[in-house]
Amino acid sequence: MRKVAEIAAPLASFALKRPVTVCMFFLSFLILGLVSSRMLPLEKFPGIDIPQIVVNVPYRGSTPAEVERLITRPLEEALATLPGIQEMRSNSGENGADVVLNFNWNDSVSARGIEARERVESMRHLLPDDVERVFIYQFNTDDMAVMQLRISSEQDLSLAWELLNRQLKQPLERVAGVSRVALFGVQQREIIIRLNPQTLSATNLSVSEITQILNQANFSMSAGYLETPYERILVKPAGEYRSLDDIRALPITPTLTVGDIATVEYELPRATDGRHFNQRYAIGVDIYKESSANLVDVARAASQVISDVARTPEFSDIQLMTMDNTAESVTTSLRDLLFAGLIGACLSIIVLYLFLRDWRTTLIIVLSVPIAICLTLGVMYLLGYSLNILSMMGLMLAIGMLIDNAVVVTESIQQEQQATGKIKDQDTIIAGASRVSLAIIAGTLTTAIVFLPNIFGEGGEITIFLEHVAIAICISLLASLLIAQTLIPLLLSKIHSKISPEPPQPGRLKRGYLRSLQWSHRHPRLTTLIMLFIMASTALPFKNVSGDQTDMAFNDRIFMNYHITGQYKLSEVERDVTAMESYLYANKDMFAIEDVYSYYTPGYAISTILLNPNRELSVTEIQRRIRENMPPLPRSKPVFGFRGGDNRGVQVTLQGRSTQELEQLAEEIIPMLGRIEGLTDVQTATGNAKNELQIRIDREQAERFGLNPSMVAEQVGVALRGRNLRSFRHNPEGDMRIRVTFPEYFSLSLPELQQMVIARVGNTLVHLNQIATIEEVEQLGTIRRFDRQTAVRITANLEDLTMPQARTAITATMNQMQLPDGYRWTLDGGFRTQQQQNTIMMVNMLLAVAMVYMVMAALFESLLLPSAVIGSLILALTGVFWALWLTGTPMDLMALIGMLILMGIVVNNGIVLVDAINQLVDEGIALENAILEAAARRVRPILMTVATTILGMLPLALGDTQIGGDGPPYTPMAITIIGGLAFSTLTSLYFVPHAYSRLLYWRQHWAHVWQRSGEPLRARKAAH
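Residues numbered from 1 in each chain as written. Predicted model: local features only at pLDDT ≥ 70, side-chain atom pairs only at ≥ 80, totals over all residues. Heavy atoms only, no water.

**Q** Help me get a handle on the environment of Val-55, residues and values and all.
**A** Position of Val-55 relative to the elements: it lies in strand E1 (residues 49–58). According to the relative accessible area criterion, Val-55 is buried, its value standing at 0%. In this structure the C-alpha to C-alpha distance between Val-55 and Leu-79, which are 24 residues apart in sequence, comes to 9.6 Å. Ignoring any residue separated from it by four or fewer positions in sequence, one finds Val-55 in contact with Leu-75, Leu-79, Ala-97, Asp-98, Val-99, Val-120, Val-134, Phe-135 and Ile-136. (Helix = DSSP H or I, 4+ residues; strand = E, 2+ residues; numbered from the N terminus. Buried < 20%, exposed > 50% of the residue type's maximum accessible area, 1.4 Å probe, protein only. Contact = heavy atoms within 4.5 Å.)

**Q** Residue-level account of the pattern of salt bridges, with values.
**A** All told, the structure shown has 23 salt bridges when counted by the stated rule. Of the charged contacts, one joins Arg-270 and Glu-744 as a salt bridge, the two residues approaching to 3.5 Å between their closest N and O atoms. Placement of Arg-270 in the loop between strand E10 (262–267) and strand E11 (274–277) and of Glu-744 in the loop between strand E22 (736–741) and helix H28 (750–754) is noted, with a sequence separation of 474 residues between them. Across the pair Glu-621 and Arg-624 runs a salt bridge, and its minimum N-O distance is 2.4 Å. Placement of the pair is Glu-621 and Arg-624 together in helix H24 (residues 619–628), with a separation of 3 residues, close to one helical turn. We classify Arg-624 as partly exposed; its relative accessible area is 33%. Several salt bridges converge on common partners, so that one network encompasses Glu-572, Arg-575, Asp-576 and Arg-635. (Salt bridge = Lys/Arg side-chain N within 4 Å of Asp/Glu carboxyl O.)

**Q** If you had to explain the nonpolar core to someone new, which residues and values would you point to?
**A** Ile-151, Leu-172, Val-285, Leu-397, Met-891, Ile-901 and Met-973 are the most contacted members of the largest nonpolar core, which totals 177 residues. Top contributing element to this core by residue count: helix H33 (residues 893–922), with 19 residues. Excluding anything up to four places from it in sequence, Met-973 contacts Met-393, Leu-397, Met-894, Ala-895, Ile-897, Gly-898 and Ile-901. Among the nonpolar cores identified, the runner-up in size contains 41 residues, and Leu-244, Phe-728, Leu-753 and Leu-768 belong to it. (Core = buried A, V, L, I, M, F, W, Y, C linked by side-chain atoms within 4.5 Å.)

**Q** Outline the pairing of strand E27 (residues 789–798), supporting the account with residue identities and numerical values.
**A** Among the 10 residues of E27, 9 are classified as buried, and the element is accordingly described as predominantly covered. Across 6 bridges, strand E18 (residues 650–655) lies against E27 in antiparallel orientation. For Leu-654, the partnering residue across the bridge sits in E27 and is Val-792. Pairing analysis gives 4 bridges linking strand E19 (residues 679–684) to E27, with the strands arranged antiparallel. Across the sheet, residue Thr-684 finds its bridge partner in E27, namely Ile-794. Count of turn residues in the strand E26 (residues 782–786)/E27 antiparallel hairpin: 2 residues, of which Asp-787 carries a positive phi of about 50°. (Pairing = 2+ DSSP bridges.)

**Q** Account for the packing of helix H6 (residues 161–173) against helix H11 (residues 295–310), naming residues and giving values.
**A** Following both chains from N to C, one finds H6 and H11 inclined at 160°, their axes separated by 10 Å at the closest point. Classified by the angle between their axes, H6 and H11 sit roughly antiparallel to one another. For the pair H6 and H11, the sense of crossing is right-handed. In this structure, H6 uses Gln-167, Leu-168, Pro-171 and Leu-172 to contact H11, whose residues at the interface are Ala-302, Val-305, Ile-306 and Val-309. For the contact of H6 with H11, the class distribution of residues is 7 nonpolar, 1 polar and no charged. (Axes fitted to C-alpha atoms, helices over the stretch in contact; angles between N-to-C directions. Parallel < 35°, antiparallel > 145°, perpendicular 65-115°, else oblique. Left-handed = near helix turned anticlockwise from the far one by under 90°. Nonpolar A, V, L, I, M, F, W, Y, C, P; charged D, E, K, R; others polar.)

**Q** Go over the sheet that holds strand E21 (residues 723–728), please, and point to the residues and values.
**A** In space, the 4 strands of this open sheet follow the order E10-E7-E22-E21, with mixed pairing throughout. The two strands at the open ends of the sheet, each matched to only one other strand, are E10 and E21. Between one strand axis and the next, the sheet turns by 25° as a mean value, whatever way the strands run. Taken together, the 4 bridges between E21 and E22 define a ladder with antiparallel strand orientation. Pairing of Arg-723 across the sheet is with Val-740, part of E22. Its contacts with the sheet put helix H8 (residues 207–217) on strand E7 (190–195), E21 and E22, and the angle it makes with E21 is roughly 15°.

Function cannot be read off these values alone, since they describe shape.
Pasting the structure below:
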């Protein structure tokens, strides 16, 4: 072990022999860190690929059943062959299909995206001919909008697309770092060619013939090159439309043009959705940044453009309101973190000075913190990491631990100086650093090594994000270790410390601790019973600490889903939204509301209630107040929750063969679940039932008139949905869609549709109702499938009920149901996410314990002694649960992260103590005296490091700082670390020496027993 400990001597010796070199080395990293702090990209989250691929196929004006049969099922069959699919979900609606593929976090999503595109292209011919495009999306945390802008006005903004595009969207797109600007709620005009059905029938022209002629006339292509004796010229035949008159004048027959059989005009598309912001119709603008751009710089430049636009005369009556500014939330979070860090650092410095009573020594130790932070920033920049809320969280957590190594080394050097009486002797300083070198190396490695399972183990949402926390912590701790081994001995050799030649007399607390430690050593059985009692006391808080991990609205937002109960026009849905908004604003102060933003479509509506961040009411209380006097709405049943959060909240999934049967089962289950106390807003997440007009063509009658059923269906589709042609490219504002359709009255009146002229036979006009019957039936609004099986999802909200309690109650209720053969139910959403996260965290914690044990076994060169230190982890868990219970804090994800970090910190005290005992025992000192002497030497640095770590966390535990400014609070994590570290330190000062002596006693005892059991055998062998 001595040889291993000597590895510190060359580092300290080199620093003392080459002081200028060492100072220049750290000065260079200090400068690199300061420069890197300006050059590191500032983001909310690091750029992480989400292991999900979404295949979207727009198909407007269809039915869910048709979309499922023609699009969804063929897509699922093609995509199911992709390797590594964890889950496949699909939604089939009236406007298209979505197929969502979830993969493992360790998979390469980019490679899977390429494979998905290949699969889609291979089956593209199986999709309907009028499917224009298939979109395949991959997601990255960089894809989140930087800013969300809402535009409202007293005047009509339906025709404001050109104004907003020219004056706002395009200037924002030119901002450095902006990658994309999306405009919602206002649409560009289209060129609509409305065919006259009577004229078509009179001329015997079909819709397909006309659309083919229109498409062929609108083209632009490259025909090659014309080479003259002197030059080479590109030949480009062009037949593109340049005006509406070009379209009207296009010949259809030798005697007819498009203008003779149709009207060609600019028209606005019919609105399919709407938005309200603060009770006024709103238009949305989302701004996205480039992945390498600085978040704050982009947001600041975009805000300046918005301010400049708002002052122009064109926007004098238009209000531009920033609904979301990610840069503000990030800077708020970073500012709160820095403020909490500064307070913690100041408290740590004060406590450190109270221990040391020497401002020069205190300053040397504190100096290690900014140097380590700068070195960390420089390394992060060189490794390509960004400065985000996760890496800042790691730096914040590390601040309290960065001075630990410096404190231990300083204390050891000063003790060596007191023992020898030589203050500036280099050999004394090197000896003092060497005495604790192995302990601080092992302590630093155990703190860093607990993150290895999260970096290299099974991938998950929490482990992927923890990687960036771990990188910041590990780099900073390794930097502090390097500083403690080199710079601290160098600086201590340059000052004249106030060290008495005589060892100071221990204080009253230290004398009391040593007497009680001696008592515990001489009463091992009673001490063991006390320790077992303390460990057993964990059962009380363990049962009472909530394990709830639901999505509380810590980001000051509540989502209200209207759950439309029928099929209504957009204006009808808007009435319900308006009524609810009026109720909310009439009680704005009672509900602590700042703003309300609503989005609605004919089959879906949701309001986002933005709460006052300085409110005194809890989210649960606000929801209860809103429910109390909520006005009855004729078309909807508002409930709290965000539709589309497939991995969150309370969700029960029913799977089987028939959607109708699943709906009936859901109707039976919902009342049963609704009777569970604490479970509210129980509903199905399936799309609402909608009426459908089914046109059944009489084939014999159609044949009598010489009509093809597919031609009839095509004409009806063009009349109601239209058919898109090649775009109009000579519009100053960009490409403009051209659509062929029939007069609008066909899509507004059933009698008109029934009387639509299909063809002309001789002098007879054939109407649709002559060859077909039109029947109105009810169909589902959306058909959902999970893992290629039809499913219905039941969702609910919790009120005074935790997730574990909800799991137990729902399981008991569902077990009472007798489902038909081929049907089953599963708990999904938050239940599955919580279980996966807990499983991954528990496995990683067990792996971390094993790795910590390996490090200590290598340190102590013993398989037995590490158990003395590992036992302190159990005492830390006792302190964690007592702290969480007494403060009323749930065991959520942040608390689990705190436990993981705590595991690496707690063992440091035990390592320092056991290493000191080992050194004294090796010197021939009796065990009891070695324990007392080691405790006397190490109790002060242990208390100093623990005090600085706890005080560094105290502002986070008492404050309300949140991740990213709108995420979960740091409080549970800080309380976990403080409670576990404080309790384990007080108990480990007794437990570790006690466990050390007991382990040595039992090792000697069993060795003696083994030796005695072997004596008769040796005697018999000698007799023979």
